[in-house]
Amino acid sequence: MQLFDASQCIQGVMGNTTSLRPALTWTVRAAHCAMEILTKQTDARLVTLTLQGDRDAFGELVRRHQTSAYNVARRIVGDPQDALDVTQDAFVRAYDALASFDRRRPFAPWLHTIVANLALNLAQRRRPTESLEHDFEISDMTTNPERGILAAEQQQRVRQALLQLPPAWRAVVELRHFQDMSYQEISDTLNLPVSDVKSHLFRARQKLKHLFEQTE
Amino acid sequence: MNHLDNPTINLYLDDALDAVARARADAHLAVCPVCAGELASLRALTTSFDAWQTEPIPHDLSVRVMQRVAQRPAPVNVSRWGAFLLAAQTLVAVGLFIWLLPILTRLLAQLTNISLPSVALNPFPDVSVWIGPLGVALPSFDIWVWGLVLGGGAVVWLVVNRLILSSLNRPLETSK
Ligand SMILES: [Zn+2]
C-alpha cells in the first residue's frame, strides 16, 4: 500500500515536469513527497496503535482504504448508496475483529474479504433487477471527450453485464479477477466449497461472454 | 481429436492445472484453433474487466465510522501469550476447585446451617488420597480462617489477572 501511494506521489511529480513548471516547484514537491513517505505509518503499525487504544489510528486506516473497499462493494451490490453502507459496516466489523488480523499480512485484502461478504449478503437480500436500474455516472469525460465516451461505454457494458449475474457469481468474479484470489482463498472467504467456486466462476464467464456477444 | 472441455480451459486460464494436465493442454492448444480461440476469448473477457475503473468514494466515511467505533468496546487483543495464560489459569482454577471442594462445601454448610451428607463434604476422597502422599495436605485451619484465605485469594487473583490482561492488551495507552 505504501509503495502504491509512493508511486502515485512520484507520478504527480513527474506530471509536473512535462508541463514545464519551474524546476523549483517540483523539487520542493518531490522533497515533500519523500517526507510524506518517510513519516507515513505502515498499516500494520496503525493496527497496532488501534489495538493499543488509539482510535485515531483506525480513522487513518479508514481514510486510506475506503476508496478501494467502496469499489469492491460497488462491484458486488451495484447501488452506490448500498455500497457506502456496506463499506461503513465493513469498517466497523473490521474494527471489532482487528485482534484476529495477522499484522504480517497486508491489511487491504483482509478488509476486502469482509466487504465482499457483507456486499454479497446484501446483494442476495435485494431483488436481482433492483441494482440494474441505476444510471452510472461517467467520470473522465471532460479531459478527453472522445476517448472518455468510448471508455465510459465500455465501462457501462462491463457493469451492466456483471450486474446481471447472480450475486454469488458476481462475488466470485470480484474476488478472482479484481482481488486476484486463488480458488482456495475465495472458498475460505465466502465459505463455499472449492467446487462451487469453480462452477460459479466458469458459469459466470460463460454468461458474460454471451452478454458481451449480444451487445457487440 | 477431443477438444478441451470448458472446465479445463478455465483452469488453464487460471493457471490451476497440474503440470501433466497443463502439458497435455499446451500440446492440444498448439494444434487446435478452436480451443485456442476459446481460450483467447476468455482471456479477452477477463481483460475487459479492467474497463471498470476505480471510482472515487462519494463522500468520506471516516467521521461516521469513527462515531460508530467510539460507541463500541475496544477490540480485545488476546496475544498467544495471553491465550496461554488463560488456558493455564483455567487448569489451575479447576485443579484448585477440586482440591478445595470439601472445604468449600463445609464452609457453605456452616454459613447456611444446612447439614450436608458426607459425600458432599468430601466428594473427591480419591483425589485427597492421591494428593496426600505428595505432601500437599490441607492445613487444619478453622473453617472461618479458610473462608478468609479463599475469599482473599480469589480477590487477589482477579485483581492480578485484570492487571496482566490490561497490560497485554494495551501496553501504552497513549492518546486521549
Ligand atoms: Zn480443441
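Here goes a summary of the coordinates provided. (Residues numbered from 1 in each chain as written. Chains lettered and ligands numbered in written order. Predicted model: local features only at pLDDT ≥ 70, side-chain atom pairs only at ≥ 80, totals over all residues. Heavy atoms only, no water.)

Here we look at unusual backbone geometry
Residues and elements named next belong to chain A.
Phase 1: Located in the positive-phi region is D180, a residue other than glycine, with phi close to 60 degrees.
Phase 2: Relative to the helices and strands, D180 is located in the loop between helix 8 (167-178) and helix 9 (183-190).
Phase 3: Positive phi, normally seen in glycine, also occurs at N191, with a value near 60 degrees.
Phase 4: Mapped onto the secondary structure, N191 falls in the loop between helix 9 and helix 10 (194-215).
Phase 5: A relative accessible area of 71% places N191 in the exposed class. (Helix = DSSP H or I, 4+ residues; strand = E, 2+ residues; numbered from the N terminus. Buried < 20%, exposed > 50% of the residue type's maximum accessible area, 1.4 Å probe, protein only.)

What to know about the side chain of E174(A)
Phase 1: Relative to the helices and strands, E174(A) resides in helix 8.
Phase 2: Filtering out sequence-adjacent residues up to four positions away, E174(A) remains in contact with V72(A), R75(A), I76(A) and Q179(A). (Contact = heavy atoms within 4.5 Å.)

A word on the nonpolar core
A general tendency of soluble globular proteins is for nonpolar side chains to be buried together.
Phase 1: Of all hydrophobic cores here, the largest spans 77 residues; its most connected members are F58(A), V86(A), F107(A), V115(A), L162(A), L190(A) and L208(A).
Phase 2: If you tally residues by element for this core, the top one is helix 6 (residues 107-125) of chain A, at 11 residues.
Phase 3: Ignoring sequence-local partners within four residues, the contact set of V86(A) consists of A73(A), V77(A), V115(A), L118(A), A119(A) and L122(A).
Phase 4: The next biggest cluster of nonpolar side chains, apart from the first, holds 5 residues, and it includes L100(B), I103(B), L107(B) and W146(B). (Core = buried A, V, L, I, M, F, W, Y, C linked by side-chain atoms within 4.5 Å.)

Remarks on a nonpolar patch on the surface
Phase 1: The grouping of V92(B), L96(B) and W157(B) at the surface amounts to a nonpolar patch, some 230 Å² of accessible area in total.
Phase 2: By the element assignment, L96(B) lies in helix 5 (residues 80-112). (Patch = residues over 30% accessible without salt bridge, like charges linked within 9 Å, V, L, I, M, F, W, Y side chains within 5 Å. Areas by Shrake-Rupley, 256 points an atom, 1.4 Å probe, with all protein chains shown as cover. Salt bridge = Lys/Arg side-chain N within 4 Å of Asp/Glu carboxyl O.)

Brief notes about the environment of M1(B)
Residue and element names in this part refer to chain B.
Phase 1: With respect to the element layout, M1 can be found in the segment before helix 1 (6-13).
Phase 2: For the pair M1 and C32, spaced 31 residues apart in sequence, the C-alpha to C-alpha distance is 8.9 Å.
Phase 3: If near-sequence neighbours (up to four positions away) are discounted, M1 is found in contact with H28, V31 and C32.

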